[in-house]
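# Remarks on the overall topology
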Amino acid sequence: MKNSQKIDMGNIDEVRDSLESKSLNVCVIGIGRIGLPTALSFAKAGLQTIGVDINEKLVDSINAGNFPLKDEPGYEEIFDKVRKNGSFSATTDIKEAIPKSNLILLSLPTPMDEKNIPNYSALESVGNQLSHVLQPNSLIIVESTIEPGFIENNLINVLEKAGRLHAGKNFTIGVCPENANPGEILHDFTNLPRLVGSINEQTTKIITMVYDFVFSVELVIMPDCKTANAVKLTTNVFRDINIGFISELSLMFEKLGIDTLKVLEAAKKKYNFQIHYPGAGVGGPCLPINSYQLLNAARHAGVNLDMIKTGRQINEKMPDHVIKLTLDAFKEHNKPIQNNDILILGVSYKPDVKDIQLTPAKHIIEKLQNLGVNVHIYDPYFSSGQVFGIDVEENLDSIISQVDAAIIITAHNEFKKITPSIFNQMKSPILIDTRGIIDPADAKQAKLIFRGLGRGKL
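These notes cover the structure that comes with them.

### Quick notes on the sheet that holds strand β9 (residues 341-345)
- Read from one edge to the other, the open sheet built from five strands follows the order β10-β9-β13-β14-β15, with strand pairing classed as parallel. Whereas interior strands pair on both sides, the edge strands pair on one side only; in this sheet they are β10 (374-378) and β15 (449-452). Averaged over neighbouring strand pairs, the angle between their axes works out to 15° when direction is ignored.
- The sheet contact formed by β9 and strand β13 (residues 405-408) spans four bridges and is parallel. Opposite I342, over in β13, you have A405 as the bridge partner.

The structure is reproduced here in structure tokens:
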């Protein structure tokens, strides 16, 4: 990336001219699942873009022309194009990249610590570095999902700590929270509305203009950063709570001999019912963390969010219920679970994505191992690799006859094509389905000892 022209990112006319001439230089800090597609989108729009990441292996791979997100359709072609025309590169050296950039996007992880407290250390660490190297009149846009007030109460203080930067005077800052579903990022980036908020009206107009230039989607203007972040969390936590609600109902429906999926299919015919499905638990870098981000914000504000807390507790207990179903099936077969071989089908936290962040599969595997089970894994997205210290099988056919039971944890499309009769090859015909893939009637016809989460007992 060449050194940037001196563009006042707080001046709407200068920013407009830089977009039209494509002289605006962009730096995306954090080029993972969301950050890399973001960087590629800006480069595709003709803006010189550099990605920064502390992962040396990732950066070296990108600069060697190896696209790391094979499960994100459409982006490999964009990657190849912008790499060849020189509009995108990557580095681990933030001090090299920032002085060459006018616009800095932060797409950094915001995980939880062991006490379920949001950990913003990545953002704060980068903020501290920016306080020393950020060029005057730059614009920072935070795409990371954060709790309301973090920009105003934390990040700006970090950026101003060195004494050379002053928000609204010689740099400006705003947010445009990422809004994309892993595995469908290209579609979402080009179709879903985005939220825009900042520290002042002028900056909001400028961010809107920049994102309209790159993405051409609806941009929803928020009065400030904290409101935009509140909207992002509200939409995700809504899902977490409702999954917890349906999962809790599914536990009762099991007892009553009611098929939860039949309930949901009928319920969704009502105009205002939004369907959510039960399962082995809720994983990923968004929903579980987002709930704890709101709970953390509530703690600071001195209020209680009992519904969110309860929803989290329900979702976090679902792996225990999977173990209960498994033990019950072994009991029906008059067979102790200890020293048996159980195959886990799917370890990704969601279907058709190579990602195990906070996956409920981890908890289920650990609980099975504590019961003395020999755990095997088959997941087409991790084939021939290793997950949680276990070698992943190359294919289903080679392992199915060697195990005593199988548990479907992730609803990969490949698994939806499985016929129940394949499980008769197991040493014991025990199948646990946590995702509603196998029809109980088909399992019965295949003479399986079957437990479907929320499906009742055969």
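What follows continues from the structure just given.
### Regarding the packing of aromatic side chains
- Taken as a whole and assessed by the stated rule, the structure comprises seven aromatic pairs.
- Measuring from ring centre to ring centre gives 5.4 Å for F189 and F215, while their planes differ by 70°; the resulting arrangement is edge-to-face. Of this pair, F189 sits in helix α8 (residues 185-189) while F215 sits in the loop between α9 (201-214) and β8 (219-221); the two residues are 26 residues apart in sequence, bridging distant segments of the chain. Like F189, the residue F215 is buried in the burial classification.
- Each ring, one from Y211 and one from F215, has its centre 5.6 Å from the other, and the planes form 25°; the classification is stacked. Both residues of the pair, Y211 and F215, count as buried.
- A network of ring pairs unites the aromatic residues F42, F189, Y211 and F215 as a single cluster.

### What to know about a nonpolar patch on the surface
- Residues M252, L256, I258 and V263 make up a contiguous nonpolar surface patch of about 310 Å² in total accessible area.
- Tracing the chain through its elements places I258 in the loop between α10 (225-256) and α11 (260-267).

### Section: helix α2 (residues 35-44)
- Most of α2 is tucked away: nine of the ten residues are buried.
- Note on α2: the residue one or two positions beyond its end, G46, has a positive phi of about 95°.

### Focus on the pattern of salt bridges
- Evaluated as defined, the whole model comprises 19 salt bridges.
- Residues R194 and E143 are paired through a salt bridge, measuring 3.1 Å at the closest nitrogen-oxygen approach. Of this pair, R194 sits in strand β7 (residues 194-198) while E143 is found in the loop between β5 (138-142) and α7 (150-160), placing the two residues 51 residues apart along the sequence. Across the pair, exposure class does not vary: R194 and E143 are buried alike.
- Note that K205 is salt-bridged to E201, the shortest N-O span being 3.7 Å. You can see K205 and its partner E201 sitting in helix α9, four residues apart, about one turn around the helix.
- In this structure K205 comes out as partly exposed when scored by relative accessible area, which is 44%.
- Connected through shared salt-bridge partners, K335, D341, D404 and K427 make up one network.

### Thoughts on the sheet that holds β8
- Strand order in the open sheet formed by eight strands is β3-β2-β1-β4-β5-β6-β7-β8, with mixed pairing between adjacent strands. Two strands lie at the open edges of the sheet, namely β3 (88-91) and β8, each paired on one side alone. Recorded for the sheet is a direction-independent mean angle of 25° between the axes of neighbouring strands.
- For strand β1 (residues 26-29) and strand β4 (residues 103-106), the ladder comprises four bridges, and the chain directions are parallel. Across the sheet, the residue bridging to I29 is L106, located in β4.
- Against the sheet, α10 makes contact with β6 (171-175) and β7, and its axis sits at roughly 155° relative to β7, the strand it touches most.

Conventions used here
Residues numbered from 1 in each chain as written. Predicted model: local features only at pLDDT ≥ 70, side-chain atom pairs only at ≥ 80, totals over all residues. Heavy atoms only, no water. Pairing = 2+ DSSP bridges. Helix = DSSP H or I, 4+ residues; strand = E, 2+ residues; numbered from the N terminus. Axes fitted to C-alpha atoms, helices over the stretch in contact; angles between N-to-C directions. Phe/Tyr/Trp six-rings, centres within 6.5 Å; stacked < 30°, edge-to-face > 60°. Buried < 20%, exposed > 50% of the residue type's maximum accessible area, 1.4 Å probe, protein only. Patch = residues over 30% accessible without salt bridge, like charges linked within 9 Å, V, L, I, M, F, W, Y side chains within 5 Å. Areas by Shrake-Rupley, 256 points an atom, 1.4 Å probe, with all protein chains shown as cover. Salt bridge = Lys/Arg side-chain N within 4 Å of Asp/Glu carboxyl O. Contact = heavy atoms within 4.5 Å.

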